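# Breakdown of the fold
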Amino acid sequence: MRQLLKTTMIIAAVTLGIAAAIAPARAVVEIDINRGVVEPLPIAITEFLSGNGVGAEISSIVEADLKRSGLFAPIGKDAFIEKISNPDAAPRFEDWKVINAQALVTGRVSQEADGRLRAEFRLWDVFGGQQLIGEQFFAQPANKRRIAHIIADTIYERLTGEKGYFDTRIVFVDESGPKTDRKKRLAIMDQDGADVRFLTDGRSIALTPRFSPSRQEITYMSYESGQPQVYLLQIETGQRELVGNFPGMTFAPRFSPDGQKVIFSLLRDDGNSNIFTMDLRSRNTTRLTNSNAIDTSPSYSPNSSQIVFTSDRGGQPQIYVMGADGSGQNRISFGGGSYSTPVWSPRGDLIAFTKQTGGEFQIGVMRTDGSGERILTSGFLQEGPTWAPNGRVIMFFRQKAGAGGPTLHSIDLTGRNEQAIPTPNFASDPAWSPLLNGG
Amino acid sequence: MGRISRLTLNPAMLILALMLAVAGCANKQTPNTAADLGLGGGSATPGSPQDFTVNVGDRIFFDTDSSSIRADAQQTLTRQAQWLGQYPNYQITIEGHADERGTREYNLALGARRAAATRDFLVSRGVPANRMRTISYGKERPVAVCDDISCWSQNRRAVTVLQGAGS
C-alpha cells in the first residue's frame, strides 16, 4: 500500500535563501489568468541535478504539469546557453534573456542518509534579475512524483497568484470489455494520468465515485448487493461500507463540504426519486425533496448553505437550487434544452453542468442564479464535469460517435486549452480530489 | 449475459438473436417477438423461458425520456400477464434501461421509473406485486451499440426476466 496520502508526514518544505538575491521585490514576471486570452509564459525549466536521473525525472514532471496548464510555454532545452552546474548560485540572467525565458527553474535532488529524497528548487525572475522562490522538500523516493507536482503547484501559485492543482488525484470509472457487457470498476490516478490503481475488482458495476474533503475516502454507487446502492470506500485500506439500509436504489452520492454527510437520491416505490442526506456519525437520514419527479445529482455549495440538483418536475431535466434544508426550490436553468449533472464550483461562484440541445451534449458553466451561461465544449456525447480544486479547470468524459467508449478530457474555464487525460482503458465519471498537500 | 448464454443453447434462438441484432441496426422498427420477425416460435417448450421470450416477448420499448407504456407495449405486457398467470411459479425481475442520450445519474432514475411503470401495468393485469422486483441499469447495459436512433430505440426498454423456479 502506498503512503501517498499521508502528506503531512512525508513532505516538508523549507524555504531556501540565497545570498545573491535576497530582495523580496515585486516580481516582474506574472501571469494574469483572468484575461480572456492568456499568452503562455515562456519558462526555462532546467534538468534538476542528481547523480542518478531522478532529478531529470522530477524536473520533466514539473515541466509537463506547467505545459499542460496552458499558461506556460516551456522552452526547448536545445536553446539553453548556460549549463547550470551550481543551483545554489544565481544564474547568468543575460543568457536566459537572450532566449526570452521570462522565468527560470533550477534544482537539485539528492538522497539523505535516512533514504529520503531531498529536492531543492529555485524559481528565478529572469528580467527582474532575482530569485522568486527557493524551497526544498524531503520525501520518501516513492513520492518523487508528488514532489514534482508540489513544485509545479508552487511555481504556478507564485506566477499566477492562484493555487495550483497538480498535487491532486482523479478517481474515475475504468471501462473495459464489450459495450453490451462492459466491466466498470473504480480506479484512481494522479491528475496527469500516472500511477493508475484499481479500487474495485469489476465483478459488479461501480459508478459515480466522488472524493471526500478529507481525500481519504470515496463515495460511489455499486451493484454488488444486486440492488444499486451507495457505498463508502477507504482509499488506503480498501474497506467498504454500505450507506444506510434503504428498500430502494440509492444513487448519485456526494459528500457535504465538511465530509460529515452524504447527499444522494433514493428511489421511491412509485418510480420517482428524491434527495436525502445521511449524517455519517448519527446515521440520521433527512429528506430534502418530495416531488413526483426525478430529483437527482445533488451538489452542495462550498459553504454548505445551498444545494444544486437536477429535476424533471417541470417535464424535462433542468437545474434547481434549494437551501440546505430543502427550502426554496427554484429552477435556475432556462437556456433551452435539458440540463443535468450540476456541480458547484469550489470557489462558490459558478455551477458546471451538462446540457443537451440540438442532438448534442455540451459542458458549460453558469452563475449560481442561472445567469451568464457559457458553453465550454459541444459534441456527440459528453457529460459529468468535475472541478479542479482551484476552480480553473474542468474535467469531463466524452464519447465520440463510433468511438466505442468514453475518454477523459480537461478544459479551462475559458473554454480553451482542452487536454486529453491518458487512461489505460475507456474511462468515465472523473472526480477531482482536493489538493493533497492541504489546499 | 445470462440471457445470451441461455439463448445460445438453442440454435434457433441464436439465429433469432442475430436477426434481432441485424434488424436493430437496419430498421427503426423494434421487433418484440419472433412472430413479429416472421420466424414462428414453435420449437420452444410451453412454459419455458424460451416460450416466454419467443412467443410472448420479454421486452417493451419506450419513447425518448418517457416512461409511458406505449400501445404496442401494452399488448406485449398483456400477453406477459396472461402467460405469467398460466405459469405462476416464476419470480420476475423487471429491468429498466435507458439509451445513451442522457446523463448517467438521470438515466439510472429514468430506468427505474420505466421498470416501475412496467411493474405497475403488470399488476393492473393481475400479476401479484410480490412476484416482481425491479432494477435499473440506466444506460449501463445497452443491447444495441450503434450510435444512432435505430439502436437507441432498442435500448430504451424494460425487460421482464424470469427467475429460477420454473413451471
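Residues numbered from 1 in each chain as written. Chains lettered and ligands numbered in written order. Predicted model: local features only at pLDDT ≥ 70, side-chain atom pairs only at ≥ 80, totals over all residues. Heavy atoms only, no water.

The number of helices and strands found in chain B is six helices and four strands. In chain B, the order of α-helices and β-strands from amino to carboxyl end is α-α-α-β-α-β-α-β-α-β. Excluding contacts between residues fewer than 6 apart, the proportion of contacts in chain B whose partners are at least 24 apart in sequence is 72%. By element, 55% of the accessible surface of chain B is carried by carbon and sulfur atoms, the whole surface being about 6900 Å². (Helix = DSSP H or I, 4+ residues; strand = E, 2+ residues; numbered from the N terminus. Contact = heavy atoms within 4.5 Å. Areas by Shrake-Rupley, 256 points an atom, 1.4 Å probe, with all protein chains shown as cover.)

What follows concerns the domain arrangement of chain A. All names here are of chain A. In terms of domains, chain A is made up of domain 1 (14–26 + 40–160) and domain 2 (169–432). A separation of 37 Å is found between the C-alpha centroids of domain 1 and domain 2. Each partner contributes residues to the interface: domain 1 has eight residues there, and domain 2 has ten residues. Both sides together, the interface formed by domain 1 and domain 2 hides about 660 Å², and carbon and sulfur atoms give 35% of it. Per-residue buried area on domain 1 facing domain 2 is highest for R68, R145 and Y156; these three make up 69% of the total on that side. Linking domain 1 with domain 2 are two salt bridges. (Domains from an automatic or database assignment. Buried area = accessible area lost by both parts, 1.4 Å probe. Salt bridge = Lys/Arg side-chain N within 4 Å of Asp/Glu carboxyl O.)

All names here are of chain A. Read across the sheet, four strands follow the order 22-23-24-25 without closing on themselves; strand pairing throughout is antiparallel. Each edge of the open sheet is held by one strand with a lone partner, namely strand 22 (338–344) and strand 25 (374–379). Across the sheet, the axes of successive neighbouring strands diverge by a mean angle of 20°, strand direction being ignored. By the bridge criterion, five bridges tie strand 22 to strand 23 (residues 350–357) in an arrangement that is antiparallel. (Pairing = 2+ DSSP bridges. Axes fitted to C-alpha atoms, helices over the stretch in contact; angles between N-to-C directions.)

The next point concerns the packing of aromatic side chains. Residue and element names in this part refer to chain A. Counting across every chain of the model gives 18 aromatic pairs over all chains. Here F246 and F264 contribute two aromatic rings whose centre-to-centre distance is 5.4 Å and whose plane-to-plane angle is 55°, an arrangement assigned as tilted. Of the two residues, F246 sits in the loop between strand 13 (240–242) and strand 14 (250–255) while F264 sits in strand 15 (residues 261–267), which places them 18 residues apart along the sequence. Looking at F264, the relative accessible area reads 1%, which means it is buried. Between F264 and F276, the aromatic rings sit 6.4 Å apart at their centres with planes inclined by 20°, giving stacked as the arrangement. One end of the pair, F264, is in strand 15; the other, F276, is in strand 16 (residues 273–279), with twelve residues separating them in the sequence. Like F264, the residue F276 is buried in the burial classification. A connected cluster of aromatic rings, assembled from ring pairs, spans F72, Y156, Y165, F166 and W432. The cationic tip of R185 hangs over the ring face of F198; the distance from NZ or CZ to the ring centre is 3.6 Å. Here the guanidinium or amino end of R313 rests over the ring plane of Y320, the centre of that ring lying 5.0 Å away. (Phe/Tyr/Trp six-rings, centres within 6.5 Å; stacked < 30°, edge-to-face > 60°. Buried < 20%, exposed > 50% of the residue type's maximum accessible area, 1.4 Å probe, protein only. Lys NZ or Arg CZ within 6 Å of the ring centre and 35° of its normal.)

All right, on to the environment of A:V243 then. Inspection of the secondary structure assignment puts A:V243 in the loop between strand 13 and strand 14. When the C-alpha positions of A:V243 and A:I421 are compared, they lie 31 Å apart, and in sequence the two are 178 residues distant.

With that settled, the discussion passes to the pattern of salt bridges. Under the counting rule described, the total for this entry stands at 43 salt bridges over all chains. For A:R118, the salt bridge identified is with A:E120, shortest N-O distance 3.7 Å. Residue A:R118 is classed as partly exposed on the basis of its relative accessible area, which comes to 25%. Here A:E383 makes a salt bridge to B:K139, at a shortest N to O gap of 2.4 Å. Here B:K139 lies in the loop between strand 3 (132–138) and helix 6 (149–155) and A:E383 lies in strand 26 (residues 382–387), a pairing that spans two chains. Judged by its relative accessible area of 2%, A:E383 is buried. Each member of the salt-bridge network shares a partner with another, and the members are A:D88, A:R108, A:E112, A:R118, A:E120 and A:R122.

With 47 residues, the main nonpolar core has A:L66, A:I155 and A:L159 as its most contacted residues. Top contributing element to this core by residue count: helix 4 (residues 144–160) of chain A, with eight residues. Apart from the residues within four sequence positions on either side, A:L66 is in contact with A:I43, A:I45, A:L71, A:F72, A:A152, A:I155, A:Y156 and A:F166. Residues B:F52, B:Y87, B:A115 and B:A158 belong to the second largest nonpolar core, which totals 22 residues. (Core = buried A, V, L, I, M, F, W, Y, C linked by side-chain atoms within 4.5 Å.)

Bringing the state of the cysteines into the picture now. One way to say it: the disulfide is the covalent bond shared by the sulfur atoms of two cysteines. All names here are of chain B. Taken as a whole and judged by the stated rule, the model has one disulfide over all chains. Each disulfide pairs two cysteine sulfurs, and for C146 the partner residue is C151, the sulfurs being separated by 2.0 Å. With the S-S bond torsion at 120°, the cross-link from C146 to C151 turns out right-handed. Exposure class is identical for C146 and C151. Each is buried. (Disulfide = S-S within 2.5 Å.)

Turning our eyes to something else, we now look at the side chain of A:E162. In this fold, A:E162 is placed in the loop between helix 4 and strand 7 (169–176). Here A:R392 takes part through its side chain, which lies 3.0 Å from a polar atom of the side chain of A:E162. (Polar contact = N/O pair within 3.5 Å; in protein donor to acceptor, adjacent residues only side chain to side chain.)

Moving on: the sheet that holds strand 30 (residues 426–432) of chain A. Residue and element names in this part refer to chain A. Taken in spatial order, the four strands line up as 9-8-7-30 in an open sheet, and their pairing is antiparallel. A strand with exactly one partner marks an edge of an open sheet, and here the two such strands are strand 9 (197–198) and strand 30. As judged from the two bridges shared by strand 8 (residues 183–190) and strand 9, these two strands associate in the antiparallel manner. Bridge pairing links I188 to R197 in strand 9.

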